[in-house]
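Per-entry structural report
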Amino acid sequence: MSDGPDEASARRGPAARPAFPLLRRGRRPAGPAGPNAWESLRGWELLLAATTLLPASFIVLEGPRTPEHLLAAGLLAAVPVVYLLLGRPAITREDRPRGIVYIVLLAALFTPAVLIAPTATFALFGLCPQCFMVLRARPAVAGSSCSTSGPRSVSPCPTTAGPGRSTS
């Protein structure tokens, strides 16, 4: 009797796999629960586009049409372009240096947009996952922590006197 493919693979032991791979090369059979939706970039790309372009459109349509607000909307609209040029190649090729440049550019686009129009903070729903897709866990936590707390610590807190309130 000859050993079949299943018997030979059973003798070799489990195949070595990365602990939490984001992308897998080639197709693999679906597990008992079906294919893992988190391994596809399409959903993440849609999330990034929605969370950057929707606030940009709200800034243009609902806010004052000052040059600063148009700049904030333009900065947010540039995020998907930067993703296509740097982010996607960094993720698919697991290119860490390109990924670091990508995250720094995201911060450079996001921070002034939030300082000009606080509505831009909605983009964090799409930007924070990008940190984890490009960087390892500890730097990703640091990057997403800086992106969530950085603009708020830099931005001035306006003191407005509402009805029945004083500013003193």
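Everything numeric in this text was worked out from a predicted model, so none of it was measured.

Here we look at the overall build of the protein chain
Secondary structure assignment for the protein chain yields six helices and zero strands. The order of helices and strands in the protein chain, counted from the N terminus, is α-α-α-α-α-α. Relative to its full complement of 168 residues, the protein chain shows a buried share of 29%. A separation of at least 24 residues holds for 60% of the contacts in the protein chain among residues at least 6 apart in sequence. For the protein chain, the exposed surface amounts to about 11500 Å²; the carbon and sulfur share of it is 64%.

As for the environment of Gly99
Structurally, the position occupied by Gly99 is in helix 4 (residues 96–116). Through-space distance from the C-alpha of Gly99 to that of Leu86 is 7.2 Å; in sequence the pair is 13 residues apart.

Overview of the nonpolar core
Buried together is how nonpolar side chains tend to be arranged in soluble globular proteins. Of all hydrophobic cores here, the largest spans 32 residues; its most connected members are Ile59, Leu76, Tyr102, Ile103 and Leu127. Among the elements that line this core, the one with the most residues is helix 3 (residues 67–92), at nine residues. Ignoring any residue separated from it by four or fewer positions in sequence, one finds Leu76 in contact with Thr52, Pro55, Ala56, Ile59, Ala113, Ala120 and Ala123.

A short note on the state of the cysteines
Going through the model one piece at a time under the given rule, you end up with zero disulfides. Free of any disulfide, Cys128 has its nearest neighbouring cysteine sulfur in Cys131, separated by 5.9 Å.

With respect to the packing of helix 3 against helix 5 (residues 124–134)
At a minimum axis distance of 10 Å, the contact between helix 3 and helix 5 shows a crossing angle of 25°. Compared by their axis directions, helix 3 and helix 5 come out roughly parallel. By crossing handedness, the relation of helix 3 to helix 5 is classed as left-handed. For the pair helix 3 and helix 5, contact is made by Val79, Tyr83 and Ile91 and by Leu127, Gln130, Met133 and Val134, respectively. Looking at side-chain class alone, the contact of helix 3 with helix 5 contains six nonpolar, one polar and no charged residues.

So, the pattern of salt bridges
A side chain with one charge can pair with a side chain of the opposite charge if their charged atoms come near. Using the criterion set out here, one finds two salt bridges in the structure. Of the charged contacts, one joins Arg88 and Glu45 as a salt bridge, the two residues approaching to 2.7 Å between their closest N and O atoms. A residue pair is termed long-range when its members are at least 10 positions apart, and Arg88 in helix 3 and Glu45 in helix 2 (residues 41–62) qualify at 43 residues. Classification of Arg88 as partly exposed rests on a relative accessible area of 33%. One salt bridge connects Arg98 with Asp95, and the closest N-O pair in it is separated by 3.8 Å.

Examining the side chain of Gln130
By the element assignment, Gln130 lies in helix 5. Under the relative-accessibility criterion, Gln130 is labelled buried at 2%.

Structural notes on the confidence of the model for the protein chain
Close reading of the predicted structure is inappropriate where its pLDDT is low. With 62% of its residues at a pLDDT of at least 70, the protein chain reaches an overall mean of 75. Helix 1 (residues 5–12) is the least confidently modelled element of the protein chain, averaging 51 in pLDDT, while helix 3 averages 94, the highest of any element. This model gives residues 153–168 a pLDDT under 50, and the stretch forms five contacts once residues within four places in sequence are excluded.

Regarding the packing of helix 2 against helix 3
Contact geometry for helix 2 and helix 3: axes closest at 7 Å, N-to-C directions at 170°. Looking at the two axes, helix 2 sits roughly antiparallel to helix 3. The element helix 2 and its partner helix 3 pack so that their crossing is left-handed. Only His69, Leu70, Ala72, Ala73, Leu76, Ala77, Val79, Pro80, Tyr83, Arg88, Ile91 and Thr92 of helix 3 make contact with helix 2, whose side of the interface consists of Leu41, Glu45, Leu48, Thr52, Leu53, Pro55, Ala56, Ile59 and Val60. Tallied by class, the residues present in the contact of helix 2 with helix 3 amount to 16 nonpolar, three polar and two charged.

Definitions and cut-offs
Residues numbered from 1 in each chain as written. Predicted model: local features only at pLDDT ≥ 70, side-chain atom pairs only at ≥ 80, totals over all residues. Heavy atoms only, no water. Helix = DSSP H or I, 4+ residues; strand = E, 2+ residues; numbered from the N terminus. Buried < 20%, exposed > 50% of the residue type's maximum accessible area, 1.4 Å probe, protein only. Contact = heavy atoms within 4.5 Å. Areas by Shrake-Rupley, 256 points an atom, 1.4 Å probe, with all protein chains shown as cover. Core = buried A, V, L, I, M, F, W, Y, C linked by side-chain atoms within 4.5 Å. Disulfide = S-S within 2.5 Å. Axes fitted to C-alpha atoms, helices over the stretch in contact; angles between N-to-C directions. Parallel < 35°, antiparallel > 145°, perpendicular 65-115°, else oblique. Left-handed = near helix turned anticlockwise from the far one by under 90°. Nonpolar A, V, L, I, M, F, W, Y, C, P; charged D, E, K, R; others polar. Salt bridge = Lys/Arg side-chain N within 4 Å of Asp/Glu carboxyl O. pLDDT = per-residue confidence, 0-100.

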